Amino acid sequence: MGGIAIDTTGVPLPQETVDGVLNSDACLFGAIGGEKWDTLPRELRPETGLLKFREEMGVYANLRPAIIYDELVNASTLKPEVITGVDIMIVRELIGGIYFGKPRENDGFKAFNTMVYTKPEIVRIGKTAFELAMKRDKRVCSVDKANVLEVSQLWRDTMNELSKDYPEVTLSHMYVDNAAMQLVRNPKQFDVIVTGNIFGDILSDTASMVVGSIGLLPSASTGDKTAIYEPIHGSAPDIAGMGIANPLATIVSAAMMLRYSLNEEKAADLIEESIKSVLKDGYRTKDLAAYDAKEVLNTSAMGDVIVKYINK
Ligand SMILES: NC(=O)c1ccc[n+]([C@@H]2O[C@H](COP(=O)([O-])OP(=O)(O)OC[C@H]3O[C@@H](n4cnc5c(N)ncnc54)[C@H](O)[C@@H]3O)[C@@H](O)[C@H]2O)c1
Ligand SMILES: CC(C)[C@H](C(=O)O)[C@@H](O)C(=O)O
Ligand SMILES: [Mg+2]
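Residues numbered from 1 in each chain as written. Chains lettered and ligands numbered in written order. Predicted model: local features only at pLDDT ≥ 70, side-chain atom pairs only at ≥ 80, totals over all residues. Heavy atoms only, no water.

Undergrad: Whenever I open this one, the site of ligand 1 confuses me. Can you help?
TA: Around ligand 1, the surrounding shell holds 20 residues, and the nearest of these are Glu-47, Gly-234, Ala-236, Asp-238 and Asn-246. Taking Ile-32, its main chain carries an N or O atom lying 2.9 Å from an oxygen atom of ligand 1. Glu-47 is positioned such that a nitrogen or oxygen atom in its side chain is 2.4 Å from an oxygen atom of ligand 1. Taking 800 Å² as the accessible area of ligand 1 by itself, protein coverage stands at 70%. Taken together, the residues of the shell around ligand 1 sort by class into 10 nonpolar, 7 polar and 3 charged. (Near = heavy atom within 4 Å. Polar contact = N/O pair within 3.5 Å; in protein donor to acceptor, adjacent residues only side chain to side chain. Areas by Shrake-Rupley, 256 points an atom, 1.4 Å probe, with all protein chains shown as cover. Nonpolar A, V, L, I, M, F, W, Y, C, P; charged D, E, K, R; others polar.)

Undergrad: Help me out: how do you make sense of the side chain of Ser-142 in this one?
TA: Residue placement: Ser-142 occurs in strand E6 (residues 139–144). Owing to a relative accessible area of 0%, Ser-142 belongs among the buried residues under this scheme. Contact partners of Ser-142, with chain neighbours within four places excluded, come to Trp-155, Met-159, Leu-171, Ser-172, His-173, Met-174 and Val-194. (Helix = DSSP H or I, 4+ residues; strand = E, 2+ residues; numbered from the N terminus. Buried < 20%, exposed > 50% of the residue type's maximum accessible area, 1.4 Å probe, protein only. Contact = heavy atoms within 4.5 Å.)

Undergrad: I tried to follow unusual backbone geometry on my own but got confused; where do I start?
TA: Trans is the prevailing form of peptide bonds, just as negative phi is the prevailing case for residues other than glycine. Geometrically, the link from Lys-102 to Pro-103 is a cis peptide bond, its omega value of 5 degrees lying close to zero. Residue position: Pro-103 is located in the loop between strand E3 (87–93) and strand E4 (105–106). Phi is positive for Ala-236, close to 45 degrees, though the residue is something other than glycine. Relative to the elements of secondary structure, Ala-236 occurs in the loop between strand E10 (227–229) and helix H9 (248–260). Positive phi outside glycine occurs at Asn-263, with the angle close to 60 degrees. Tracing the backbone through its elements, the reader meets Asn-263 in the loop between H9 and helix H10 (265–280). Judged by its relative accessible area of 72%, Asn-263 falls in the exposed class.

Undergrad: I keep staring at the pairing of E3 and nothing clicks. Help me out?
TA: Successive residues of a regular strand alternate their side chains across the two faces of the sheet. Summarising burial for E3: 6 of the 7 residues are buried, a large majority. Across 7 bridges, the pairing between strand E2 (residues 61–67) and E3 is antiparallel. Directly across from Leu-63, in E3, lies its bridge partner Val-91. With 4 bridges joining them, E3 and strand E8 (residues 192–195) adopt parallel strand pairing. Following the sheet pairing, Val-91 is matched in E8 by Val-194. (Pairing = 2+ DSSP bridges.)

Undergrad: Explain the site of ligand 2 to me, please; I cannot follow it from the model alone.
TA: What surrounds ligand 2 is the set Glu-47, Arg-54, Arg-64, Arg-92, Tyr-99, Asp-201 and Ile-232. In the environment of ligand 2, an oxygen atom lies 2.7 Å from a nitrogen or oxygen atom belonging to the side chain of Arg-54. The separation between an oxygen atom of ligand 2 and a polar side-chain atom of Arg-92 is 2.8 Å. Protein contacts shield 77% of the accessible area of ligand 2, which totals 320 Å² for the unbound molecule. Looking at side-chain class alone, the shell around ligand 2 contains 2 nonpolar, no polar and 5 charged residues.

Undergrad: I tried to follow the packing of aromatic side chains on my own but got confused; where do I start?
TA: Note on aromatic pairs: each is described by the distance of the centres and the angle between the planes. Following the criterion strictly, the structure yields 4 aromatic pairs and no others. Residue placement shows Lys-312 over the ring face of Tyr-309; its charged tip is 4.2 Å from the ring centre. (Phe/Tyr/Trp six-rings, centres within 6.5 Å; stacked < 30°, edge-to-face > 60°. Lys NZ or Arg CZ within 6 Å of the ring centre and 35° of its normal.)

Undergrad: How do you make sense of the side chain of Thr-226 when you look at a structure like this?
TA: Here Thr-226 is to be found in the loop between strand E9 (220–222) and E10. In this structure the side chain of Thr-226 is engaged in a polar contact, spanning 3.3 Å, whose partner is the backbone oxygen of Ser-24. Looking at Thr-226, its side chain comes within polar contact range of the main-chain oxygen of Asp-25, at 3.2 Å. Not counting chain neighbours up to four residues away, the residues in contact with Thr-226 comprise Val-21, Ser-24, Asp-25, Ala-26, Met-57, Val-59 and Ser-221.

Undergrad: For this particular structure, what's the right way to read the environment of Val-18?
TA: Relative to the helices and strands, Val-18 is located in helix H2 (residues 15–22). For Val-18, a relative accessible area of 1% corresponds to the buried category. Spatially, the C-alpha atoms of Val-18 and Leu-270 are 30 Å apart, while their sequence positions differ by 252 residues. Contact partners of Val-18, with chain neighbours within four places excluded, come to Leu-13, Glu-56 and Met-57.

Undergrad: Hey, could you run me through the nonpolar core in this one?
TA: Generally speaking, nonpolar side chains in soluble globular proteins are found buried as a group. Of all hydrophobic cores here, the largest spans 26 residues; its most connected members are Val-91, Ile-125, Phe-130, Val-140, Met-159 and Val-194. Every element with two or more residues in this core is listed here: E2, E3, helix H5 (119–134), helix H6 (150–163) and E8. Considering each element in turn, this core owes the most residues, 6 residues, to H5. Apart from residues lying up to four places away in sequence, Ile-125 is in contact with Tyr-60, Ala-61, Val-91, Arg-92, Glu-93, Trp-155, Met-159 and Val-194. In this structure, Ala-66, Val-73, Leu-78 and Cys-141 belong to the second largest nonpolar core, which totals 23 residues. (Core = buried A, V, L, I, M, F, W, Y, C linked by side-chain atoms within 4.5 Å.)

See the structure below:
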């Protein structure tokens, strides 16, 4: 799917791809997008294919963990004391909100999108967040813009109602502008963040830089049918072909896939432990190279060294 599908079949999401993934336990997704396809009509763009893909797979809960590796505390642009120990789980609603709301239009003079959530959609993602919090530090921060938006008021009221089913979990609320600021001011205050589609998109890119690089953040998109595992970053066109992209976000996504969809806990542990050892031994890709690097590797060499450590 994406650009390659457009070039070979004329559409960004061929039915064959949808059927293939629906018949699978899980999907490991790379990244889509690029200037070449940016001027196509919206319905033919890679991004539209990705959204349709997520919708067809029913993956409403996008889990984006931002955890700092001890070895990389110096890689963040933030001070070590601010970020040491950061362990945030962003729970982003993925198949609703302004990305999918109707009506939507651009007639060349006026353009609009609609941010819409129904109560069942909010309950569904809220449950995911509360259940996850029960296995973590039992704190959920719900991020919205209830001071301005009706849709956020319903979001907040619903989260408050739902929290009664989870008396052990502490629920707090934050406006999205403040949340963006708090993420860089004091990221350790967060355990689970639950939020809508567009706010989660923005806050997860911010969180990635808190822990060092956007090339580090994996994600799991789960729902009722199957699951998609993908790095949070895009196709990084500005560095395409240079061999300097960090492959860790994708590799960690694969580890998440092994753990959560394929029941291969040991294999997942092995990958994650190898990554930690590789970082500890000072191997870095360029995005992390300025900090404590003993050896700077290109994309495929980083993959190779992780494989070597796994085999060890
Ligand atoms: N899930 C996806 O497939 C996805 C996600 C985001 C953006 N996109 C698409 O990707 C294209 C580029 O978008 P963008 O530039 O805003 O976002 P991007 O995430 O591709 O890149 C943002 C910045 O981060 C850097 N970066 C990204 N991944 C990296 C990695 N693994 N290692 C090192 N540096 C990395 C890039 O070089 C760039 O400077 C667009 O077409 C966009 O629609 C796709
Ligand atoms: C490419 C784009 C449609 C996508 C999104 O906004 O969901 C991306 O930014 C992401 O974070 O996965
Ligand atoms: Mg994004």
